[in-house]
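The primary structure of each chain is shown beneath.
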Amino acid sequence: MSVLIIGGAGYIGSHTVKLFQERGLDVVVLDNLSTGHRELVDVEHFYEGDCRDSEILSQIFTNHNIDTVVHFAALSLVGVSMTNPYDYYHNNVYGAIILLGEMVKHNVKNIVFSSTAAVYGEPNNIPIMEEDPTFPTNPYGETKLAMEKMMSWFDTAYGIKYVALRYFNAAGADSSGKIGELHQPETHLIPLILQVPLGKRDQISIFGTDYPTDDGTCVRDYIHVNDLADAHFLAFQYLAKDKTSNTFNLGNGKGFSVLEVIDTARKVTGHPIPATEEGRRPGDPAVLVASSQKAEKILGWKPKLQLEDIISSAWNFHKNNKIL
């Protein structure tokens with residue numbers, strides 16, 4: 001049996017490919033390389049193509065004995081989704097329709113789906129629980145929620161079992177230093193902070209210091225990318241054993257403020273990392289933290305790597321890679 005990882009040349013996908021291979025699985029990768037990087041994955045079977053292409057999906061399912069699909073191939077920039085919702089619905093939702101249709105045709109019964117806590121919108125409770133209301137506030141979250149609902153109906157009609165993993169901020173890099181976060185343009189806080197000691201920017205901006213948090217800055221959930229890869233592997237095992245669809249949050253249970261992240265980066269890099277205070281950005285909630293109690297109880301998943309581990313591994317990757 002083989003596992004098809006769609007979007008396997010992307011950030012979380014490449015770490016998941018590496019982990020699945022280390023666990024002895026035969027991995028097939030499909031990636032259109034629009035945001036992924038071929039040099040990040042070392043697999044025998046790599047297909048450059050799009051999950052909206054039914055022909056290449058059919059070819060893969062025909063040529064390989066695929067048991068499970070792990071799906072990362074979604075556009076994921078909140079701001080861009082607000083200005084260009086067409087691309088997000090076409091790539092994310094239409095792509096899921098094509099993929100699930102080919103899974104039905106080829107009798108592939110399991111899918112692990114990289115979802116997002118953005119499906120909750122503005123949370124009513126902190127930490128966020130799986131049963132909390134889902135009211136996305138942007139097209140990105142809406143498309144991910146639509147994909148989850150689609151999978152639920154395909155389970156009812158065709159028996160395709162799914163695990164949806166809802167998480168916020170993947171961060172860090174593999175300890176090998178060979179794979180890590182490569183986004184153009186970069187929008188994530190930790191790599192943006194590290195651009196200062198790398199000489200790519202003079203300072204980091206802090207958007208809002210008057211939030212109702214301990215230090216006045218926003219608090220967010222950061223999970224090491226290898227912990228997320230491990231969660232996808234545990235979800236793969238869960239589907240193989242229990243054959244039951246489910247949804248799990250992946251969170252650290254506490255969250256880290258912007259100032260905590262900057263201070264930790266200063267400690268790790270030995271650089272002063274100047275910061276300037278800016279006004280709040282519209283739509284930034286004070287705290288976004290997800291509970292992972294359900295994932296811990298059912299999947300046996302718990303994040304092992306904390307903020308200093310996350311930033312240290314990211315720093316190791318960014319300072320030693322010339323392709324950035």
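Preceding this section is the structure that the text describes.
Residues numbered from 1 in each chain as written. Predicted model: local features only at pLDDT ≥ 70, side-chain atom pairs only at ≥ 80, totals over all residues. Heavy atoms only, no water.

A few points about the packing of helix 1 (residues 11-22) against helix 7 (residues 225-242)
Working step 1: Running from amino to carboxyl end, helix 1 crosses helix 7 at an angle of 60 degrees, the nearest separation of the two axes being 9 Å. Classified by the angle their axes make, helix 1 and helix 7 are oblique. The interaxial crossing formed by helix 1 with helix 7 has right-handed handedness. In contact with Tyr11, Ile12, His15, Thr16, Leu19 and Phe20 of helix 1, helix 7 contributes Val225, Asn226, Leu228, Ala229, Asp230, His232, Phe233 and Phe236.
Working step 2: Residues belonging to the contact of helix 1 with helix 7 are distributed by class as follows: 9 nonpolar, 4 polar and 1 charged. (Axes fitted to C-alpha atoms, helices over the stretch in contact; angles between N-to-C directions. Helix = DSSP H or I, 4+ residues; strand = E, 2+ residues; numbered from the N terminus. Parallel < 35°, antiparallel > 145°, perpendicular 65-115°, else oblique. Left-handed = near helix turned anticlockwise from the far one by under 90°. Contact = heavy atoms within 4.5 Å. Nonpolar A, V, L, I, M, F, W, Y, C, P; charged D, E, K, R; others polar.)

Quick notes on the pattern of salt bridges
Working step 1: Enumeration over the complete set of coordinates arrives at 13 salt bridges.
Working step 2: Among the salt bridges present, the one from Glu260 reaches Lys254, with a minimum N-O distance of 3.6 Å.
Working step 3: Look at Glu260 and you get partly exposed, because its relative accessible area is 32%.
Working step 4: Of the residues examined, Lys254 reaches a relative accessible area of 51% and is grouped as exposed.
Working step 5: A salt bridge links Lys302 to Glu296; the shortest N-O distance between them is 4.0 Å.
Working step 6: A residue is classified by how much of its surface remains accessible, and Glu296, at 37% relative accessible area, is partly exposed.
Working step 7: Overlapping salt bridges, with partners in common, bring together Lys18, Glu22 and Asp174 in one network. (Salt bridge = Lys/Arg side-chain N within 4 Å of Asp/Glu carboxyl O. Buried < 20%, exposed > 50% of the residue type's maximum accessible area, 1.4 Å probe, protein only.)

Structural notes on the sheet that holds strand 6 (residues 161-167)
Working step 1: The strand order 3-2-1-4-5-6-11 describes an open sheet built from 7 strands, whose pairing is parallel. Of all strands in the sheet, those bounded by a partner on one side alone are strand 3 (45-48) and strand 11 (246-250). Taken over all neighbouring pairs, the strand axes of this sheet differ in orientation by 15 degrees on average, direction set aside.
Working step 2: The sheet contact formed by strand 2 (residues 26-31) and strand 3 spans 4 bridges and is parallel. What sits directly across from Asp31, in strand 3, is Glu48.
Working step 3: Relative to the sheet, helix 2 (residues 54-63) contacts strand 1 (2-6), strand 2, strand 3 and strand 4 (66-71), its axis offset from that of strand 3 by approximately 165 degrees. (Pairing = 2+ DSSP bridges.)

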